Amino acid sequence: MPRSVNHVASRAKRKKILRLTRGYIGARKNVWTVAKNTWEKGLTYAFRDRRAKKRNFRALWIQRINAAARLEGLSYSQLMGQLHKAGIEINRKVLADLAMNHPEAFKAIVAKVK
């Protein structure tokens, strides 16, 4: 009796991954083993970088707050310490947005904690 291999399903699985690797360069788009390895590694990068993105944005917000705070005569750590002491609970994302897009509102917050 011949061996049953379900070629339809295995080919469909390969075609699915080859469709996902369209746009890659060279053998990464059309050689099955290379394409599969590249696609799998891309998934690990995506998983890792979804977490790294959060760290990168926090660092960006801190840099923006620090730059705006120094224009007001404070360092970042002094500003954050005074905000905490004054009981003003505003997160870094909003504070950085105020520093960039609404400097007068940021100045008002700094004036309140000084």
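The rules behind the values
- Residues numbered from 1 in each chain as written.
- Predicted model: local features only at pLDDT ≥ 70, side-chain atom pairs only at ≥ 80, totals over all residues.
- Heavy atoms only, no water.
- Axes fitted to C-alpha atoms, helices over the stretch in contact; angles between N-to-C directions.
- Helix = DSSP H or I, 4+ residues; strand = E, 2+ residues; numbered from the N terminus.
- Parallel < 35°, antiparallel > 145°, perpendicular 65-115°, else oblique.
- Contact = heavy atoms within 4.5 Å.
- Nonpolar A, V, L, I, M, F, W, Y, C, P; charged D, E, K, R; others polar.
- Salt bridge = Lys/Arg side-chain N within 4 Å of Asp/Glu carboxyl O.
- Buried < 20%, exposed > 50% of the residue type's maximum accessible area, 1.4 Å probe, protein only.
- Arc of directions from axis to C-beta.
- Patch = residues over 30% accessible without salt bridge, like charges linked within 9 Å, V, L, I, M, F, W, Y side chains within 5 Å.
- Areas by Shrake-Rupley, 256 points an atom, 1.4 Å probe, with all protein chains shown as cover.
- Lys, Arg positive; Asp, Glu negative; His and termini not counted.
- Charge placed at Lys NZ, Arg CZ, Asp CG, Glu CD.
- Core = buried A, V, L, I, M, F, W, Y, C linked by side-chain atoms within 4.5 Å.

*Asks:* Would you take a moment to explain the packing of helix H4 (residues 92–101) against helix H5 (residues 103–113) for this structure?
*Replies:* Packed helices, taken two at a time, are described by the angle between their axes plus the distance between the axes. Put simply, H4 and H5 touch, their axes get as near as 5 Å, and they point 125° apart. Viewed along their axes, H4 and H5 adopt a mutual orientation that is oblique. Contacts from Leu95, Leu98, Ala99, Met100 and Asn101 in H4 reach Pro103, Ala105, Phe106 and Ile109 in H5. Here the contact of H4 with H5 is composed, by residue class, of eight nonpolar, one polar and no charged.

*Asks:* Explanation requested: unusual backbone geometry in the structure shown.
*Replies:* Comment: phi is negative for the bulk of residues other than glycine, and the bulk of peptide bonds are trans. Positive phi, normally seen in glycine, also occurs at Asn6, with a value near 50°. Here Asn6 lies in the segment before helix H1 (7–20).

*Asks:* I keep staring at the pattern of salt bridges and nothing clicks. Help me out?
*Replies:* Between side chains of opposite charge, pairing is possible as soon as their charged atoms come close. Under the defined criterion, the tally for this structure stands at two salt bridges. In this structure, the salt-bridge partner of Lys36 is Glu40, at a minimum N-O distance of 3.8 Å. With Lys36 and Glu40 both in helix H2 (residues 32–71), this residue pair falls four residues apart, about one helical turn. Classification of Lys36 by relative accessible area gives partly exposed; the value is 25%.

*Asks:* When you look at helix H3 (residues 76–86) in this model, what are you seeing that I'm missing?
*Replies:* In an α-helix, one turn spans 3.6 residues; hence positions three or four apart end up facing the same way. Every buried residue belonging to H3 is among Tyr76, Leu79, Met80 and Leu83, and all of these are buried. Along the axis of H3, the buried residues cluster in a sector spanning 95°; they form a single face. Of the exposed residues in H3, those oriented more than 90 degrees away from the buried face are Ser77 and Lys85. Buried positions along H3 lie against H2, H4 and H5. At the exit of H3 stands Gly87, carrying a positive phi of roughly 80°.

*Asks:* Just checking my understanding: could you explain H4 for this structure?
*Replies:* All buried positions along H4 are accounted for by Leu95, Ala96, Leu98 and Ala99. All buried residues of H4 project into a common sector of 160° when viewed along the axis, lining one side. Where H4 is buried, its residues touch H2, H3 and H5.

*Asks:* Is there a simple way to explain a positive patch on the surface in this structure?
*Replies:* A surface patch of positive charge is lined by Arg11, Lys13, Lys15, Lys16, Arg19 and Arg22. With respect to the element layout, Arg22 can be found in the loop between H1 and H2. In this structure Arg22 comes out as exposed when scored by relative accessible area, which is 66%.

*Asks:* How do you make sense of the nonpolar core when you look at a structure like this?
*Replies:* Soluble globular proteins tend to bury their nonpolar side chains together. Within the largest apolar cluster, 16 residues are counted, with the highest numbers of intra-cluster contacts made by Ile65, Leu79, Leu83, Leu95 and Phe106. Of all the secondary structure elements, the ones that give two or more residues to this core are H2, H3, H4 and H5. In this view, Leu79 contacts Ile65, Ala69, Leu74, Phe106, Val110 and Val113; residues no more than four positions away in its chain are not counted.

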